[in-house]
Structure formats: C-alpha cells, structure tokens
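Chain and residue survey
So you can see what is in the structure, the chains are spelled out below.
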Amino acid sequence: MTTPIGLIGLDPLAIHLVRAGFTVASSPDLRIAADRVHDLVTEFGPVGCLILNQPRVQSLIPRIYRHVNLTVLGTDQYPIVDDGDGYRTYQLRPGSTVVDVLKNAGVVTDAIDLDQLPPGLQFEPDGSLLDPNQPDWSEWDPDAAGVPRRAAEPEQPPSPDEELFAESVRRALRGGAIRTGEAEVLFALSGSGGVGKSSLALSVANRAANRGRRVVLVDANLGQPDLATFLRVADGNLPTIFDAVLDDNVRTGIISPLQLNRTRDARLSKVNFAFIQGPTAEQLGTGRLTASVLAGMISQVRQFADLVVLDTQILERDDPRDLVSQVIEPELGSGGWALAVTGMSTAGLSNLIEVMERLIRLGVNPSHVMSLINRVPTNIALHNQDRIVAALRELSVHLGTIWEDNEILSRMNAGELASDLPVCANMIDVVLQRIFDMPVEAAPYSPDSGKDRRRWFRRRGKEAG
C-alpha cells in the first residue's frame, strides 16, 4: 500500500518522498504538476497536496482545494496572510522540517516510513529544500568571494596534489591519457546535434550526485561548450577549464556545488555535483587547451571524485581536435565508459557507428560502451527504430529508448534538470547500475496513452469544470 501526494512548486522534494513510500505527482512546471495531481485524484480520490505559495498558483487554489486535502506553504516572499478557507496553511520559517510539514498536512500514514527521509531535511524560508546530508563540497571553494585562487606571493612549494597534476599534464603532453585515480569516467557521445547528449550528461551527473556519488561534470566540448547555458550559470567571474591550464591545478577550474548554486537563480533546484566550464572562444584560440592536456586533467580529477562525466563535442570521422585519439580511446581502453546517444537521423547514426567501430577495432571492451536512442516520437514506425537498435547492438550494450517528452524540454528551458522524470530516470539508473552496480530505483517507462482528461490549470480564457 502506498500513500499518494501532490506537490506543486515543490518538485525537489519529490525524490525524497518517493523513497519514504509516497506515490508523488510533481513537476517543476506548475501547469504540468497540476495536471499530474489531477490524474492522481482521478486514480485515488482526494489526496494530500502541498502547494508553495506564489502568485501563479493563486487562481489554482480555489479550483483545487475541494478535490484534495490541501496545504499551502507560505514563504518569506509570499507569506500566509490569512488562514485558508477550506484548506490548511503552514508558514515556512528557519528550521521548518519536512516531517513537520507532512504531519501538519495530515498525510503521514502507516504506509510511510519517515526514517527513509534524510535526517534534518528542512525547508528554507524561501521554500527551497535544505538537505544537510548532501555534501556541498565547500572545501573546494577557492575562497569566500568565489574568485579563482592564484598562487600566493611569495610562491609556496607545490602540494602533492599539484605535483601529481603537473606530472599528469606532462605525461599527457607526451601522448595519451593516464588513469591513476579511483573515479569512474563516462563520456557522453553523439554523431550529430539535437539528440539530447548534453541534457543526458547533465541528468546522469545530477542523478548520480543525488544518489550519493561525488560527481564532477566536465564540459569537454572544445568546439561549442554550452553546459553553462543549460545550468543558467550567469557569473562571468567563475573559472573555466582554461584557469586550470594556466595554474597547472585542476582544482582552480572546478566550480563546487556551493558556488554553482550561488550563481543559479534561487528558485531553481539545488545541484549536488561539481562543474568544470568549457573554455571561451578567446581562451580556446590561445592554443593552450588541447585534447592531450584535457586527458591529463581527467587523470587529476579522478583522484578526488567517484564519477567524472564528460560532455563531448559531436564526433566527426576525421576527429579534427584529436578528442577520440587522445582522450576517449585511451580512457575507454583503460576501463572507462561511454554512453553513445543517437536520434533517428541516418547521418548522425552513421558518424556515431563509425567511431564506435573504430573503438572496438582498437580493443575497447564493448561491454563498456552503452547506447540508447533518445527523443523518439511515440508515433515512429517500429521498423525504423528496429533498424537503429540492430546497428547499435553490434557494437555496444544497447539500453533502450527514451521517448520524446515535452516536459524534458520545458525543464531544460527553465534551467531545471530532468534526471528524475519518469521518461528517463529508469534509463539513467541502468547506466549507474552498469558503472557502480547501484540498484535501479526508477520504474521502466512506457509512453502515455494520451487519453483525454479534464484539467484544473487551463490556459487564459478557459475554465476547468
């Protein structure tokens, strides 16, 4: 027996409640969240529902409270002014715990195991979630101001870490990557743009970090790095991978989770992975950041992480930046992992297959090359999909299909990550299971039947019955 609950404006809480035994309807998109709560009520009848108070939900509250056991959470910006008429209210204050909120909402039943919630899981007064058990990697912060650390004056002797990094760079410059640390390495690969490679790299990093791994996400696209745009990193003073090259210290180029969350909009979900930004066009033009130097940096990052996820540029047959020959081939040959992502494009698949064939010829273990088809329309002809699957299975462990889903696009456009969406969470869990032997938590996904349903949250000018 499970306990259903709806969350509107509180999507980061969803993954914790699922682990405690709730069936959760939620989404970062308020309209989609309201639709999902509507579906939950259709299936279970009146259910508990938490709504974070904000201007956009004011018109929703009168429509929804008669159908759910509603609790509206007030924030410091949008406090509770009057007690609700027909629903409960709760004003968030410093130290407000999730358990207190759930008990106040009357949604805790015998089916719920509150011990599965992280101890001390709290709301901040602005409505964001504070999990004291998630590492913030604050020890990675160069200083309190968030400015990249430079060598002190007078110059101090290098630390063992700095000496190791400098040696790894020197070896890389002599040709090829070295694997000296403990972290697993995962490359996100594709043969064409628009297949969701970068969003998958972000999702794998995010889900692994949320499940307790120490993750560094690297924008290794030396042509057109764009992960900072996806993450809504708006601070031009944050370091890039080029800073690590200048200082011969990879830590200088790393943005800790704490720094990353400071620069992201406060309304966005917190991330728990560290990040290395790709270079600017001007930095790349100096010629100092090459594939072989990148290989040396990976070796250093592996010393203090569990997983290094690299989002690469689109693979081309002639490998113009030597990324395949200098980085991907040596790493996979030494036990690294690849996630090959393709859409339904014939040209993109052809490029990807050619590179995968090259890797296998060079002795890369095909069991360490995973593949999937992404953004597949639900109405696609099965024989077209089967053709691609057959080609991928010859060269990799094929994981399956991630279907086209508008909510992924909605989340990415909003600066949110999609790692917990049902459409892709199971596939990401399978990736992590292969790398770390972690259990698969998310259920397999099949496309929605598309049945006609009435909605609470309508577009302007339309009312819901």
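Above this text you will find the structure in question.
None of the values given here were measured: they were computed from a predicted structure.

1. Side note on the overall build of the chain
When helices and strands are counted, the chain shows 16 helices and 15 strands. The proportion of buried residues among the 465 residues of the chain is 54%. The long-range fraction of contacts in the chain, counting pairs at least 24 apart against all pairs at least 6 apart in sequence, stands at 71%. As displayed, the chain has an accessible area near 20,700 Å², and 47% of this comes from carbon and sulfur atoms.

2. Things to note about helix α6 (residues 197-210)
Between its first and last C-alpha, α6 extends 20 Å over 14 residues, near the 20 Å set by a 1.5 Å rise per residue. Backbone geometry just downstream of α6 places G212 in the positive-phi region, at approximately 100°.

3. Re the sheet that holds strand β11 (residues 274-276)
Sheet strands pair via backbone hydrogen bonds, and the direction of the pair is either parallel or antiparallel. The strand order β10-β11-β9-β12-β8-β13-β14-β15 describes an open sheet built from eight strands, whose pairing is mixed. Of all the strands in the sheet, the pair left with one neighbour each is β10 (254-255) and β15 (397-403). Pairing between strand β9 (residues 215-220) and β11: three bridges, direction parallel. Residue V216 lies in a different strand from β11, and its bridge partner there is A274. Taken strand by strand, α6 contacts β8 (184-190), β9, β12 (307-312), β13 (337-342), β14 (369-376) and β15, and its axis lies near 170° from that of β12.

4. Points about empty space enclosed by the protein
Applying the stated criterion across every chain, the model contains four cavities of 30 Å³ or more. Of the voids in this model, the largest cavity is the one considered here, and its volume is about 80 Å³. Taken together, S199, L200, S203, N374, R375, I402, I408, M412, A418 and C424 make up the full set of residues lining the largest cavity. Those elements giving two or more residues to the lining of the largest cavity turn out to be α6, β14 and α15 (406-414). Per-element accounting of the lining of the largest cavity gives the leading share, three residues, to α6. Counted by class, the lining of the largest cavity contains six nonpolar, three polar and one charged residues.

5. So, the sheet that holds strand β1 (residues 3-8)
In spatial order, the strands read β2-β1-β3-β4-β5; together these five strands make up an open sheet with parallel pairing. Strands with a single pairing partner mark the edges of an open sheet, and in this sheet they are β2 (22-25) and β5 (88-91). The sheet shows a mean angle of 25° between the axes of neighbouring strands, taken without regard to direction. Taken together, the four bridges between β1 and β2 define a ladder with parallel strand orientation. In the strand pairing of β2, T3 is matched with F22. Its contacts with the sheet put helix α2 (residues 30-44) on β1, β2 and β3 (48-52), and the angle it makes with β1 is roughly 160°. Where helix α4 (residues 98-105) meets the sheet, it contacts β1, β2, β3, β4 (69-74) and β5, and its direction lies at approximately 160° from that of β5.

6. Digging into the environment of T280
Mapping T280 onto the fold places it in the loop between β11 and α10 (281-284). For the pair T280 and L222, spaced 58 residues apart in sequence, the C-alpha to C-alpha distance is 9.2 Å.

7. Structural notes on the pattern of salt bridges
Applying the stated criterion across every chain, the model contains 11 salt bridges. Here D265 ties to R267 by a salt bridge, and the two come within 2.8 Å at their closest N and O atoms. A residue is classified by how much of its surface remains accessible, and D265, at 35% relative accessible area, is partly exposed. Take R267: its relative accessible area is 73%, and that puts it in the exposed class. The partner of R411 in a salt bridge is E407, and the shortest N-O contact between them spans 3.8 Å.

8. Thoughts on helix α11 (residues 291-301)
Extensive coverage of α11 is indicated by the burial of 11 of its 11 residues. Buried residues of α11: A291, S292, V293, L294, A295, G296, M297, I298, S299, Q300 and V301, and no others.

9. Considering the side chain of N374
Positionally, N374 belongs in strand β14. Using a relative accessible area of 5% as the deciding quantity, one classes N374 as buried. A distance of 2.7 Å separates the side chain of N374 from the backbone oxygen of V195, its partner in a polar contact. Residues within four places of N374 in sequence aside, it is in contact with V195, G196, L200, V341, T342, G343 and I402.

10. Some details on the pairing of β9
With respect to burial, β9 is a largely interior element, six of its six residues being buried. Note: β9 against β12, six bridges, orientation parallel. Within β12, the position partnered with V218 by the bridge is L310.

11. Observations regarding the pairing of β12
Most of β12 sits inside the fold, with six of its six residues counted as buried. Side chains L307, V309 and D311 of β12 all project onto a buried face; the interleaved residues V308, L310 and T312 project onto the opposite face, where all are buried too. In this sheet, β12 lies alongside β8 in parallel orientation, the contact comprising five bridges. Within β12, the position partnered with V185 by the bridge is V308.

What counts and how
Residues numbered from 1 in each chain as written. Predicted model: local features only at pLDDT ≥ 70, side-chain atom pairs only at ≥ 80, totals over all residues. Heavy atoms only, no water. Helix = DSSP H or I, 4+ residues; strand = E, 2+ residues; numbered from the N terminus. Buried < 20%, exposed > 50% of the residue type's maximum accessible area, 1.4 Å probe, protein only. Contact = heavy atoms within 4.5 Å. Areas by Shrake-Rupley, 256 points an atom, 1.4 Å probe, with all protein chains shown as cover. Expected span 1.5 Å × (residues − 1). Pairing = 2+ DSSP bridges. Axes fitted to C-alpha atoms, helices over the stretch in contact; angles between N-to-C directions. 1 Å grid on protein atoms, 1.4 Å probe; cavity = no way out; pocket = protein on both sides within 12 Å on 5 of 7 lines; lining within 4 Å. Points joined across faces, edges and corners; volume = space filled by probe spheres on them. Nonpolar A, V, L, I, M, F, W, Y, C, P; charged D, E, K, R; others polar. Salt bridge = Lys/Arg side-chain N within 4 Å of Asp/Glu carboxyl O. Polar contact = N/O pair within 3.5 Å; in protein donor to acceptor, adjacent residues only side chain to side chain.

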